[in-house]
Amino acid sequence: MDGASQANAEAPADLAQCLAVACSRHLGRRVAVDGLFRHSGGASRETWGFDVVGQTAGGTTREPLVLRRDPPRAAGITPSDGVTSLALDRGVEFELLRAAE
C-alpha cells in the first residue's frame, strides 16, 4: 500500500477516535464509536454515519448519529473578495436547520 492509500485507510480510524473523544465530552460519559462509514454523495460536505456505544446503569446503550463536516481540503478556505459565502457559513446553515425542524 503506498503512503497516500495508507493515509486514506487510516483516516476513518483517526476520525472514530476523535468522534469518541468529542461524544464522550458532550455526553459526560465515556463512549466508543462503532460502525463508522461514509455516506455516498455530498459534493460540499462529507457525511459520516456511526453509532455511539456506552454503558449506563441500565446496560449498554447504542445511539445512531450523523456527522457532517467539510472535507479536509476545504478547511480554512475563505472567499477572496471578503464577502461571506453562504456555502461556507455554518451559522446560516445552523439557523436554516433549526427553522426546518
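Residues numbered from 1 in each chain as written. Predicted model: local features only at pLDDT ≥ 70, side-chain atom pairs only at ≥ 80, totals over all residues. Heavy atoms only, no water.

Caption draft 1: Structural context of the side chain of Glu 46. Counting through the fold element by element, Glu 46 comes out in strand S2 (residues 46–56). Reaching out from Glu 46, the side chain makes a polar contact with the side chain of Trp 48 at a distance of 2.9 Å. (Helix = DSSP H or I, 4+ residues; strand = E, 2+ residues; numbered from the N terminus. Polar contact = N/O pair within 3.5 Å; in protein donor to acceptor, adjacent residues only side chain to side chain.)

Caption draft 2: Layout of the environment of Val 31. In this structure, Val 31 sits in strand S1 (residues 31–38). With ten residues separating them in the primary sequence, Val 31 and Val 21 have C-alpha atoms 7.9 Å apart. Apart from the residues within four sequence positions on either side, Val 31 is in contact with Ala 20, Cys 23, Ser 24, Val 52, Val 53 and Gly 54. (Contact = heavy atoms within 4.5 Å.)

Caption draft 3: View of the sheet that holds S2. Strands sit in the order S1-S2-S3 across an open sheet of three strands; the sheet is antiparallel. Only two strands of the sheet have a single neighbouring strand rather than two, namely S1 and strand S3 (59–69). Direction aside, neighbouring strands of the sheet carry axes that sit 20° apart on average. (Pairing = 2+ DSSP bridges. Axes fitted to C-alpha atoms, helices over the stretch in contact; angles between N-to-C directions.)

Caption draft 4: Summary view of the pattern of salt bridges. Here the structure, examined in full by the defined rule, presents five salt bridges. One salt bridge in this structure joins Asp 34 and Arg 62, with 2.9 Å as the shortest N-O distance. Of this pair, Asp 34 sits in strand S1 while Arg 62 sits in strand S3; the two residues are 28 residues apart in sequence, bridging distant segments of the chain. In this structure, the salt-bridge partner of Arg 62 is Asp 51, at a minimum N-O distance of 2.9 Å. Highlighted residues: Arg 62 in strand S3 and Asp 51 in strand S2, separated in sequence by eleven residues. Given the relative accessible area of 48%, Arg 62 is considered partly exposed. (Salt bridge = Lys/Arg side-chain N within 4 Å of Asp/Glu carboxyl O. Buried < 20%, exposed > 50% of the residue type's maximum accessible area, 1.4 Å probe, protein only.)

These figures come from the coordinates and say nothing about function on their own.
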